[in-house]
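Now for the letters of each chain:
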Amino acid sequence: MGETAKLIIDGKSYELPIVTGSEGEKAIDITKLRQATGMVTMDPGFANTASCKSQITFVDGEKGILQYRGIQIEQLAEQSTFVETAYLLINGELPNQTELNRFSVLLNDHSLVHEDMRAFFEKFPRSAHPMGILSSMVNALRAFYPEIPERTEEEEVNITVTRLLSKVRTMAAISYKISRGHKLVYPRHDLSYPANFLNMMFDTPVRPYLIDEDLVSALNKFWIMHADHEQNCSTAALRLVGSAKANLYAAISAGICALWGPLHGGANQAVLEMLNQIYESGRGIAPFIARAKDRNDSFRLMGFGHRVYKTYDPRAKIMKEMCDRILNKMSINDPLLDIALNLEEAALKDQYFIDHNLYPNLDFYSGIFLRSLGIPTNMFTVMFAIGRLPGWISHWQESIEDPDWKIHRPRQIYNGLTKRDYIPLDKRRESN
Ligand code: CMC
């Protein structure tokens, strides 16, 4: 037996195996704990629980390290494209030229959305949030395209995967066009994945969209940075739904719903709304910092803090530089960027934020970047979702192939009323 931990309960000692990951992190394996001791562990929010072994993404929250399949996020953001990074996450290795060409052809071949789905898009109220539309439509995809059967040829998996990657991007652009009451723009075979998206969003019959390669490259980086983040809330939701053997579309749809929350992906929208609120208040940042520190106030500094990072999020650094570059290039003077920079400077010097290890996260600068591209605020989290798809898909694949696969079913400690008798309706007291 390898390394073990000793647990002593009522004087009785239990040996628990220690599992070590390839980057040296350790976990106490409690798989047999209940069987041996009759007890379970208690870990609200799963802050101390590894729910699986995974070979996809490594995060060191103390040192600010993020790697996809072993490659650092800084290198991928600088040198890769979103499509190549998606291939890396899903297949485990960077593609060679032939593999990349094939993947790109599949993405192009599957970029159209079934015309019958248009009726669904058109019937949503104009005020519907695009994340609600996206999660419903991804679930609806299952009705139009078959799910992956149990035993599948590699090609069938590739088609389902590329279908999702490609169509979700098209569906996001459709929901935007419909919300504006504008004519739909179809995907084009001659454009790259991000260029196609920008074109579907912003091309109009009266003003053709001019593709700017610097913006395309920035959008590539944006999506690369969002592509995966190991067992975050939406990925955990997707794995949980998938663990019941629900189909891939349903699992992704669940991931989208979780991502929508303002403590997770919805933070990018919430950050911009907060910066706007500060701007419109005309009172500067101080009252907002004071509110964030007040235990009796539920207000939080959106875009700050992270469950795993206890230092600066490496993605926030890249995002901040990118914001600066794109705003400069486009000669945009965004007062919200100034507020964000002041907020960051003040928070990083403030004892409360220092003591709580609260640093800017990925979402802090991402809204300002998206705004500079012309993306409306309510579409920000959809942009996150498009980027997170390769991660979700790779986690879904890994979980269904996991030899330790089990339906996810946590335990609880019941602390409600103990056993009592049923009281017939006519014997129950009316409350005063
Ligand atoms: N502003 C003020 N105080 C905060 C903040 C914040 N943004 N974040 C955490 N704290 C405090 C919190 O009040 C608590 O204080 P105390 O121990 O004195 O009661 C302490 O820090 C620990 O907070 P927690 O909520 O227990 O930490 P968590 O790991 O459960 O939550 C988080 C992580 C990201 C939900 C949280 O930091 C937060 O709400 N941040 C704002 C929302 C946000 O930016 N979310 C995006 C996360 S990154 C990208 C993504 O996941 O999509």
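Residues numbered from 1 in each chain as written. Predicted model: local features only at pLDDT ≥ 70, side-chain atom pairs only at ≥ 80, totals over all residues. Heavy atoms only, no water.

(A) Focus on the sheet that holds strand β3 (residues 26–28). The three strands are arranged β1-β2-β3 in an open sheet whose pairing can be described as antiparallel. Two strands close off the open sheet at either side, each with one partner strand: β1 (4–9) and β3. Between one strand axis and the next, the sheet turns by 30 degrees as a mean value, whatever way the strands run. Bridge count between strand β2 (residues 12–20) and β3: three bridges; the pairing is antiparallel. In the strand pairing of β3, V19 is matched with A27. (Pairing = 2+ DSSP bridges. Helix = DSSP H or I, 4+ residues; strand = E, 2+ residues; numbered from the N terminus. Axes fitted to C-alpha atoms, helices over the stretch in contact; angles between N-to-C directions.)

(B) Spatial organisation of the nonpolar core. By size, the foremost hydrophobic cluster in this structure holds 116 residues, and its most contacted members are F197, I252 and I375. The element that contributes the greatest number of residues to this core is helix α7 (residues 154–180), accounting for eleven residues. In this structure I252 touches V138, L164, L238, L389, W392 and I393, once residues within four positions along its chain are discounted. (Core = buried A, V, L, I, M, F, W, Y, C linked by side-chain atoms within 4.5 Å. Buried < 20%, exposed > 50% of the residue type's maximum accessible area, 1.4 Å probe, protein only. Contact = heavy atoms within 4.5 Å.)

(C) Spotlight on the packing of helix α10 (residues 233–243) against helix α11 (residues 248–260). Put simply, α10 and α11 touch, their axes get as near as 8 Å, and they point 150 degrees apart. Regarding the angle of α10 to α11, the classification is roughly antiparallel. Our pair here, α10 against α11, has a crossing hand that is right-handed. Contacts between α10 and α11 involve C233, S234, A237, L238, V241 and G242 on the former and, on the latter, A250, A251, I252, A254, G255, A258 and L259. Each residue belonging to the contact of α10 with α11 can be placed in one class, and the counts come to ten nonpolar, three polar and no charged. (Parallel < 35°, antiparallel > 145°, perpendicular 65-115°, else oblique. Left-handed = near helix turned anticlockwise from the far one by under 90°. Nonpolar A, V, L, I, M, F, W, Y, C, P; charged D, E, K, R; others polar.)

(D) Quick peek at the packing of aromatic side chains. In total, this model carries 14 aromatic pairs according to the counting rule given. Every member of this aromatic cluster is reached through a ring pair, and the members are F304, Y352, F353, F364 and Y365. Between the NZ or CZ atom of R169 and the centre of the ring of Y193, over which it lies, the distance is 4.3 Å. For the cation-ring pair, K245 lies above W405, with the distance from its terminal atom to the ring centre recorded as 4.4 Å. (Phe/Tyr/Trp six-rings, centres within 6.5 Å; stacked < 30°, edge-to-face > 60°. Lys NZ or Arg CZ within 6 Å of the ring centre and 35° of its normal.)

(E) Quick look at the sheet that holds strand β6 (residues 71–72). The strand order across the open sheet formed by three strands is β4-β5-β6, and the pairing between neighbours is antiparallel. Of all the strands in the sheet, just β4 (57–60) and β6 have a single pairing partner and so form its edges. In this structure, strand β5 (residues 65–68) lies alongside β6, joined through two bridges in antiparallel fashion. Looking at the pairing, Y68 lines up with I71 of β6.

(F) Representation of helix α15 (residues 335–349). Along its 15 residues, α15 runs 22 Å from first to last C-alpha, staying within 8% of the 21 Å computed at 1.5 Å per residue. If you check which residues of α15 are buried, you get L336, L337, I339, A340, L343, E344 and A347. The buried residues of α15 all sit within an arc of 155 degrees when viewed along its axis, so they share a single face. (Expected span 1.5 Å × (residues − 1). Arc of directions from axis to C-beta.)

(G) Structural view of a nonpolar patch on the surface. Residues V40, M42 and I413 make up a contiguous nonpolar surface patch of roughly 290 Å² in combined accessible area. Take V40: it is sitting in the loop between α1 (33–37) and β4. (Patch = residues over 30% accessible without salt bridge, like charges linked within 9 Å, V, L, I, M, F, W, Y side chains within 5 Å. Areas by Shrake-Rupley, 256 points an atom, 1.4 Å probe, with all protein chains shown as cover. Salt bridge = Lys/Arg side-chain N within 4 Å of Asp/Glu carboxyl O.)

(H) Main features of the environment of A5. Mapped onto the secondary structure, A5 falls in strand β1. Between the C-alpha atoms of A5 and L16, which are eleven residues apart in sequence, the distance is 5.1 Å. Among all residues touching A5, those that are not within four sequence positions of it are Y14, E15, L16, I18 and I28.

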